[in-house]
Amino acid sequence: MGHLVTSVAPLPLQGGGLGRFIDPFVQFLTDITNLEPVLLQLLAFGLLLGGVYALTALGLTMIFGVMDVINFAHGVFLVVGMYSVWLVSEMAGISPFLGIPIAAAVLFVLGVVVHVLTVEPIIEAPQQNQLIATLGVLFIIQSAIEIVFTPDPQQVELSLGSIQVGGVFIPLGQFYALVIALGTMLAVRAFLNRTDLGRKIRGTADNRDGARYVGINVRRINYLTFGIGAALAGVAGGSIALFQRFDPFTGETYLINAFVIVILGGLGSFPGAFVGGLIVGMIQVFGGYYLPGTTAQVLIFLLFIGTLLVKPEGLFGGAEA
Amino acid sequence: MSAIESVRDRYRTFDEQRYAPLVKGVALFGLLAALPVIIEIDVAGMELAALLSLKVLILTVIYAYTAQSWNIMSGYTGQFSFGHAAFFGIGAYATQKLLVDFAVNPWVGMLVAGVLAAGYGLVIGALSFRFKLQGHYFALATLAFAELLRFVVTNMSELRGANGYFKPFPRDYGAEYGLVAFQFQNDLPYYYLIVGFLLVVTLVSWVIKNSWVGLYFFAIREDERAAASVGVPSFRYKLIGVAVSAFFTALGGAYWSMYFNTIRPDTVFALFKNVELLLPAVVGGPGTLLGPIVGSFIVTPVSEIARTTFSDINGLDRIIYGAFLVAIVIYSPRGVVSWPSQARALWKRVRGDEEVSE
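Residues numbered from 1 in each chain as written. Chains lettered and ligands numbered in written order. Predicted model: local features only at pLDDT ≥ 70, side-chain atom pairs only at ≥ 80, totals over all residues.

When helices and strands are tallied, chain B shows 15 helices and four strands. Here the C-alpha atoms of chain B give a radius of gyration of 22 Å, agreeing with the 21 Å that 2.2 N^0.38 yields for 358 residues. Projected onto its principal axes, the C-alpha coordinates of chain B cover approximately 70 × 65 × 40 Å. Across the 358 residues in chain B, those meeting the buried criterion constitute 44%. (Helix = DSSP H or I, 4+ residues; strand = E, 2+ residues; numbered from the N terminus. Rg over C-alpha atoms; globule rule 2.2 N^0.38 Å. Buried ≥ 20, exposed ≤ 12 C-beta atoms within 10 Å, placed from the backbone.)

Dropping the structure here:
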């Protein structure tokens, strides 16, 4: 009997031989054939997480796509967004939902400042220099937050509760974050496709020299792009703060997964970022349930490497600006 | 002709001699060897040791060593690796695994680790180069290969998961404190050991630079297609660069695991280890022999001194470090070793371009 129980429970099989690689998948397949209700719940969690992940990658993919700069400060931009929302709701007593646009505004200014001070002077330099400069920015902002707000985790006081839909449990905080993510993605897409400035940004992404020839002020596009990218990080960070505790170092994990999503979806592609976010979110939720420890992250990196090798332009590469 | 100019001319004559690199190398490593004594010299009641402890010197030389190893691949062949923590971590883990679980002498373990890391490097290189990854994509791929190992090791009970290894006592593997055991009871021998490591990798770099292998490397860095069109087997030579670089980086990891008491996935495979390992080369001047060493003597003490000076405010040291990083890549994109020639150019401009021929 005891043997039966252990073989059913999807628990870490630490120290076991090959079984630990095979058993979770066997378990997963049996759950599918048995139509376990838990699958629906996991699917819902994956969707909720994936939508937010997509939002975290949006700003990164924009800066990467338009300026060809890997912005290592993106993760800490998210953290600034989280603290902005927290500060607004704790200190000023304003609803955290109203804090999100404020976070976006704060991050836009911060992004432009960071761009003018650190990226602009070396935009033509070898790319490793930009990488190290943005890394320096990461250290500065992260430690500044640590000094001002202590390294202790913070939390936005917000009890939204949850709803049940057809036996599936949906935490409302995460649900609103997903709605914000989807809304932001549609808004940014409309901005890029419909407005004059958006078209200029896409043009610059396609061909910097060509953009210069037709009279686009590429310098201005650069700092606006960096600002908008940072503002998107503010929205993303603010949405995450609705449902999760955070500390000055939370950005690191999000940063790495945002890179994965950007490459997975295709550089500069918004639908790609969404699909990439969903894939990463699903792997994390399902992997977290079936696989021991943080093995899910191993799968994510394998997928990342596979994409880089086989289809570096990503799933939706080249289709959108 | 002024006195300065005659000195300069004499230096130039010396520089053209065949023995010049040897003399410079001996001078440099002589200086490194004397450093533990120099920092304790009393100058007007102040000694450098107040700022620079032997521990900081060891750390500095470790990063000079790893940056020199990184340079062989990324500085010479131009393939910017952002994932050298993979090789460093393999070096640390393979050495400790063999030492703790099989009582294999760390010197042997270190060489095994080097070969393993070179193998992993060949896999990364073969895949990335075969699929023609370049620039950012190559950097991200190497980062992914390093992060992959971090999570694999964290989840493997065979490698003690997130807890990592605790360095055993020499008697646990049948040795006495000393060179054979790779363990000493004070820091001074550790310092000379890592200076020796640095000497070896610098010699190897020098030999590569001054051979046709180096010529091929630089040709690939400057223009890979042009190099291939005149018959440079670029795929093979890029792989050689990766393998040699990975091998030496792993030895650095092995040293790290024998100097510090513990290794964990979060320390030797850390995301920022990737940066720390290569930073001195970028700061000093990528692709140069002196750059990684000079760079490390700038970067590492700044970070360590900031940490000890501002220890009462947690994080202030990293603000200074970050500002320092930003400043250095903005104001000195070609590295610190280019300062003398830049200063000379500036001097010439100030004097009104009298000697344009120089």
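Next, the rest of the story.
Counting its secondary structure elements, chain A contains 13 helices and two strands. Its C-alpha atoms give chain A a radius of gyration of 21 Å, within 12% of the compact-globule value 20 Å for 321 residues. Along the first, second and third principal axes, the C-alpha atoms of chain A reach 75 × 50 × 35 Å. Here chain A holds 321 residues, and the buried ones make up 52% of them.

A word on the UniProt feature "transmembrane region" (unreviewed entry) in chain A. Residue and element names in this part refer to chain A. In this numbering, the UniProt entry assigns the feature "transmembrane region" (unreviewed entry) to residues 38–62, 69–88, 94–119, 131–149, 169–192, 221–243, 255–282 and 289–310. In the segment residues 221–243, helix accounts for 91% and strand for 0%; the C-alpha atoms at its two ends are 34 Å apart. What you have in residues 255–282 is 86% helix and 0% strand, and the ends, taken at the C-alpha atoms, are 17 Å apart. (UniProt positions renumbered as here; feature names shortened; annotations may be inferred.)

Let's shift gears to helix H5 (residues 106–130) of chain B. Residue and element names in this part refer to chain B. Between its first and last C-alpha, H5 extends 35 Å over 25 residues, near the 36 Å set by a 1.5 Å rise per residue. Looking at the buried residues of H5, the elements they touch are helix H4 (85–102), helix H6 (135–154) and helix H10 (234–259). In the stretch just after H5, Lys132 is the one whose phi turns positive, near 55°. (Expected span 1.5 Å × (residues − 1). Contact = placed C-beta atoms within 7 Å.)

What follows covers the packing of helix H4 (residues 74–91) of chain A against helix H11 (residues 251–265) of chain A. Residues and elements named next belong to chain A. The N-to-C vectors of H4 and H11 enclose an angle of 130°; their axes lie 8 Å apart at closest approach. It follows that H4 is oblique to H11 by the angle criterion. Where H4 crosses over H11, the two elements pack in a sense that is right-handed. Along its contact with H4, which presents His74, Gly75, Val76, Leu78 and Val79, the element H11 presents Gly251, Glu252, Tyr254, Leu255 and Ala258. Looking at side-chain class alone, the contact of H4 with H11 contains six nonpolar, three polar and one charged residues. (Axes fitted to C-alpha atoms, helices over the stretch in contact; angles between N-to-C directions. Parallel < 35°, antiparallel > 145°, perpendicular 65-115°, else oblique. Left-handed = near helix turned anticlockwise from the far one by under 90°. Nonpolar A, V, L, I, M, F, W, Y, C, P; charged D, E, K, R; others polar.)

The next thing to look at is the interface of chain B and chain A. One widely used convention gives an interface's size as the accessible area the parts lose upon coming together. Contact residues are listed per partner, giving 35 residues for chain B and 38 residues for chain A. Breaking the side of chain B that touches chain A down by element, the ones donating at least two residues are H6, helix H12 (273–284) and helix H14 (316–331) of chain B. Looking at the side of chain B that touches chain A element by element, the count peaks at twelve residues for H6 of chain B. Looking at side-chain class alone, the side of chain B that touches chain A contains 25 nonpolar, eight polar and two charged residues.

Residue and element names in this part refer to chain B. Domain boundaries assigned for chain B yield domain 1 (1–50) and domain 2 (54–283). If you average the C-alpha positions of domain 1 and of domain 2, the two centres end up 30 Å apart. At the interface, six residues of domain 1 touch seven residues of domain 2. Here the residues of the side of domain 1 that touches domain 2 sort into six nonpolar, no polar and no charged. (Domains from an automatic or database assignment.)

Residues and elements named next belong to chain A. One ladder, built from four bridges, connects strand S1 (residues 162–165) with strand S2 (residues 168–171); its direction is antiparallel. Note on S2: the bridge partner recorded for Ile163 is Ile170. Hairpin remark: S1 followed by S2, antiparallel, with two residues in the connecting loop; positive phi at Gly166, about 55°. (Pairing = 2+ DSSP bridges.)

In contact at an axis separation of 8 Å, helix H6 (residues 127–149) of chain A and H14 of chain B are set at 160° when each is read in the N-to-C sense. By the angle between their directions, the pair H6 of chain A and H14 of chain B is classed as roughly antiparallel. Note that H6 of chain A runs across H14 of chain B; the crossing there is left-handed. For the pair formed by H6 of chain A and H14 of chain B, the contact residues are Asn129, Ile132, Ala133, Leu135, Gly136, Val137, Phe139, Ile140, Ser143, Ala144 and Ile147 of chain A on the first element and Leu316, Arg318, Ile319, Tyr321, Gly322, Ala323, Leu325, Val326, Val329 and Ile330 of chain B on the second. A breakdown of the residues in the contact of H6 of chain A with H14 of chain B according to their chemical character gives 16 nonpolar, four polar and one charged.

Okay, the environment of Thr294 of chain A next. With respect to the element layout, Thr294 of chain A can be found in the loop between helix H12 (270–290) and helix H13 (295–310). Its 17 C-beta neighbours within 10 Å are what place Thr294 of chain A among the partly exposed residues. Remark: the alpha-carbon pair of Thr294 of chain A and Gln284 of chain A, spanning ten residues in sequence, is separated by 8.7 Å. If near-sequence neighbours (up to four positions away) are discounted, Thr294 of chain A is found in contact with Phe151, Thr154 and Asn155 of chain B.

This brings us to the UniProt feature "transmembrane region" (unreviewed entry) in chain B. Feature annotation in UniProt places "transmembrane region" (unreviewed entry) on residues 21–39, 45–65, 77–95, 107–129, 190–218, 239–257, 277–299 and 319–337 of chain B, given in this structure's numbering. Annotated as residues 21–39 of chain B, this span is 95% helix and 0% strand, and its ends, taken at the C-alpha atoms, are 26 Å apart.

Moving on to the environment of Tyr19 of chain B. Locating Tyr19 of chain B in the fold gives a position in the loop between helix H1 (3–16) and helix H2 (20–38). On a C-alpha basis, the gap between Tyr19 of chain B and Ile240 of chain B in space is 28 Å, while along the polypeptide they are 221 residues apart.

Attention shifts here to unusual backbone geometry. The phi dihedral of Thr150 of chain A falls on the positive side, at around 60°, and the residue is not glycine. Assignment of secondary structure puts Thr150 of chain A in the loop between H6 and S1. The class for Thr150 of chain A is partly exposed, based on 13 C-beta atoms found within 10 Å. Positive phi, close to 65°, is recorded for Arg160 of chain B, a residue that is not glycine.

Once that is clear, we can look at the nonpolar core. Membership of the largest hydrophobic core comes to 196 residues, with the highest contact counts inside it found for Ala54 and Leu107 of chain A together with Ile194 of chain B. A total of 16 residues in this core trace back to one element, the largest contributor, which is helix H3 (residues 37–67) of chain A. (Core = buried A, V, L, I, M, F, W, Y, C linked by C-beta atoms within 7 Å.)

Keep in mind that low pLDDT regions are not for reading the predicted coordinates in detail. Averaged over every residue, the pLDDT of chain A is 83; residues scoring 70 or more account for 92%. Within the model, pLDDT remains below 50 along residues 1–15 of chain A, and this stretch shows 13 contacts once partners closer than five positions in the same chain are excluded. (pLDDT = per-residue confidence, 0-100.)

Our next topic: the confidence of the model for chain B. Residues with a pLDDT of 70 or more make up 95% of chain B, whose mean pLDDT is 85. The ipTM, which scores confidence in the relative placement of chains, is 0.81 for this predicted complex, and the corresponding pTM is 0.85.

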